[in-house]
Amino acid sequence: MAKKGTIKRAVGYARVSTDMQNESSIDAQIYGVKEYCEKHGYCLVNTYIDFGISGTTDQRPQFQQMIEDGKKGQFDAVIVHKGDRFARSRNLSSTYKEILAKNNIEYISVTECFGNEPESVLLEGLTEAMAEYYSRNLAREVRKGLLQKARDCLYTGGNLPLGYDIDPETQKFILAKNEDEIKTVQTIFKMKAEGYGYGELIQELNRQGLNQSKKGGTLSKSAINWMLHNERYTGMYVYDRSAAKGPRGRNGHKYKNEEDTIRIDGGVPQIIDKETFRNVQEILTKNKKKSGTFKTKHPNLLGGIIECECGHSYVSNYRKERPGHRAYASYQCNYQSSHKDKSCKNKGIEQTTLDSAILDLLYTHIYDDVETITAEFNRYRRKKLENIDLDTDTIQRQITAIEIKINNITDAIAQGMNQKVMFDKMETLHLEKQQLENDLIDVNTIEETVEVTEDEIRELLEKTKVMVRTKSIPEVRRFINRFIQKVVVHTDNVEVTFKVAFLIGEKWTPACCFTKWLSREAIKFNERLRKTSIA
């Protein structure tokens, strides 16, 4: 509070929220504040204005600036046109009024004069409660309308994804009139499914003249990553996925449970088939788990897919060159190197020699044995088609059993049994259910596939043949990650599991899995030959 006989310094605060319903304009609010200052002898030294931000949150830049300036003693009073401009939450209102009071700053509402009597506390609290009720009720009514629009697969606002427009009459999603947008989306998914990185993707889009966002700018890596995760491209309408906002606003990285989200298959036009989308998700997940693989100084071709027979991963171990010893890179059991008990006795294996042996094996069974690969694809497809009804029924029964378990746990939690172990079990069951649903998609998509020919396989392999043979590190990594599921190092041999599938047109061939073995003795012999040739 200013000293007696001095002019009190005041600031005005005005706000317009996002809903814009029945709000006084900013000009009207400021006019009311100025008029109050003139009548009551306040000097208006500043005004703070927030545009398009709800009063239910304190994450308002100008509001926070005003509070900070108040702590520095820059003014003696805060004047608002109406209390709901200051806050639409009783907790926020009382919290920040208390902060102002601690700094000897008056809070004044132009249209709400509560006075200093004891009854004024009750009246002010009632007014704040009414403002909060208005805000919550409005949010409920708006949400009700949006949910109904979502059930009808209509546009509910926000930025449009590349590849879609909105029909002005029906408000439904339609394919973009600009066909380059659709081509851009399909190119991004096709290249990612083939293992290309973001940099290479952007280069190719630039080459084709397709690197353009919905708003006319260029596509960044983060924008492409968002597109690759957007299930809408498969024809799935998804709404109300993000978790409710907290006191600090909405967190776009937290999602609700699937059963609480509106999901309507076929609600929007499909641009990417579901099989391609799911393969891309697997690649993104796989790359996320082994994000450190490409940061090593020494090329590490098998990082993320090589493991020990004990179940722990094999990691790259690099020894620098020193007098009397050459540089040496090897794969070592991570458990053995980090635990003193040495319960795993599996020895390390020279990295370059194993990488070369794996590449030779890959080249032999992928490039030089196209006839066998093609026959295996078609045999696998026919076998799946014969058992499709049985497989579908089995998976569906397993999904139903898991749903019953989830419902039982949900009922138990609702009755107050909310131990952490129950939530952990719930999460595990949801993951199992998701995997089964993916398996069901696998089974159902078999019907849509056709038999492949040797010429089709050769044409697809020809694109990477030269790059793999010339040992181009990025291409070799992509080649390995695309066709090898995992490498397991045993005491006497190395087990290599292949998982081979190709994108022909817009459809993926069935995933053909088979295992090959490499003798560690033979690998060691090749290592000695290599050392001899170097010497």
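Because the structure is a prediction, the values reported are computed rather than measured.

A. Expanded view of the pattern of salt bridges. Counted according to the given criterion, the structure contains 14 salt bridges. Between Arg 278 and Glu 282 there is a salt bridge, and its shortest N-O distance comes to 3.4 Å. With a gap of four residues between them, Arg 278 and Glu 282 both fall in helix H9 (residues 274–289), about one helical turn apart. For Arg 278, a relative accessible area of 10% translates into the label buried.

B. A look at the nonpolar core. Membership of the largest hydrophobic core comes to 41 residues, with the highest contact counts inside it found for Leu 354, Ile 480 and Val 496. With nine residues, the single largest contributor to this core is helix H11 (residues 351–367). With sequence-adjacent residues up to four places away left out, Ile 480 is seen in contact with Leu 301, Leu 302, Ile 305, Leu 359 and Leu 362. Ranked by size, the runner-up nonpolar core spans 31 residues in total, among them Leu 147, Ile 182, Met 227 and Tyr 237.

C. Representation of the sheet that holds strand S10 (residues 314–319) within the structure. The strand order S10-S11-S12 describes an open sheet built from three strands, whose pairing is antiparallel. Bordering the open sheet on either side are S10 and strand S12 (349–350), each of which pairs with just one other strand. The pairing of S10 with strand S11 (residues 328–333) spans six bridges and is classified as antiparallel. Pairing of Arg 319 across the sheet is with Tyr 328, part of S11.

D. Just the packing of aromatic side chains, in detail. For the coordinates displayed, the defined rule picks out 12 aromatic pairs. Relative to Tyr 233, the ring of Tyr 164 lies with its centre 5.8 Å away and its plane at 15 degrees, an arrangement referred to as stacked. Residue Tyr 164 is found in strand S5 (residues 164–166), and its partner Tyr 233 is found in the loop between helix H8 (221–229) and strand S7 (236–239); the two are separated by 69 residues along the sequence. Between Phe 173 and Tyr 237, the aromatic rings sit 6.2 Å apart at their centres with planes inclined by 70 degrees, giving edge-to-face as the arrangement. Of the two residues, Phe 173 is situated in strand S6 (residues 173–175) and Tyr 237 in strand S7; the sequence distance between them amounts to 64 residues. Of the two residues, Phe 173 and Tyr 237, neither departs from the other in class, the shared state being buried. One Lys or Arg, Arg 60, reaches over the ring of Phe 63 and ends 4.2 Å from the middle of that ring. The ring centre of Tyr 198 lies 4.4 Å from the NZ or CZ of Lys 192, which sits over that ring.

E. Structural context of H11. Relative to the 24 Å expected for 17 residues at 1.5 Å per residue, H11 spans 23 Å between its end C-alpha atoms, a close match to the ideal helical length. The buried fraction of H11 amounts to 13 of the 17 residues, a majority that puts the element mostly inside the structure. Where H11 begins, the side chain of Glu 350 points an oxygen toward the backbone nitrogen of Thr 352, at a separation of 3.2 Å.

F. Broad picture of the packing of helix H6 (residues 179–193) against helix H7 (residues 198–208). Running from N to C, H6 and H7 cross one another at 145 degrees; their axes reach a closest spacing of 10 Å. The interaxial crossing formed by H6 with H7 has right-handed handedness. Contacts between H6 and H7 involve Lys 183, Thr 184, Thr 187, Ile 188, Met 191 and Lys 192 from the former and Tyr 198, Glu 200, Leu 201, Glu 204, Leu 205 and Gln 208 from the latter. Classifying every residue of the contact of H6 with H7 by side-chain character gives five nonpolar, three polar and four charged.

Rules behind the numbers
Residues numbered from 1 in each chain as written. Predicted model: local features only at pLDDT ≥ 70, side-chain atom pairs only at ≥ 80, totals over all residues. Heavy atoms only, no water. Salt bridge = Lys/Arg side-chain N within 4 Å of Asp/Glu carboxyl O. Helix = DSSP H or I, 4+ residues; strand = E, 2+ residues; numbered from the N terminus. Buried < 20%, exposed > 50% of the residue type's maximum accessible area, 1.4 Å probe, protein only. Core = buried A, V, L, I, M, F, W, Y, C linked by side-chain atoms within 4.5 Å. Contact = heavy atoms within 4.5 Å. Pairing = 2+ DSSP bridges. Phe/Tyr/Trp six-rings, centres within 6.5 Å; stacked < 30°, edge-to-face > 60°. Lys NZ or Arg CZ within 6 Å of the ring centre and 35° of its normal. Expected span 1.5 Å × (residues − 1). Polar contact = N/O pair within 3.5 Å; in protein donor to acceptor, adjacent residues only side chain to side chain. Axes fitted to C-alpha atoms, helices over the stretch in contact; angles between N-to-C directions. Left-handed = near helix turned anticlockwise from the far one by under 90°. Nonpolar A, V, L, I, M, F, W, Y, C, P; charged D, E, K, R; others polar.

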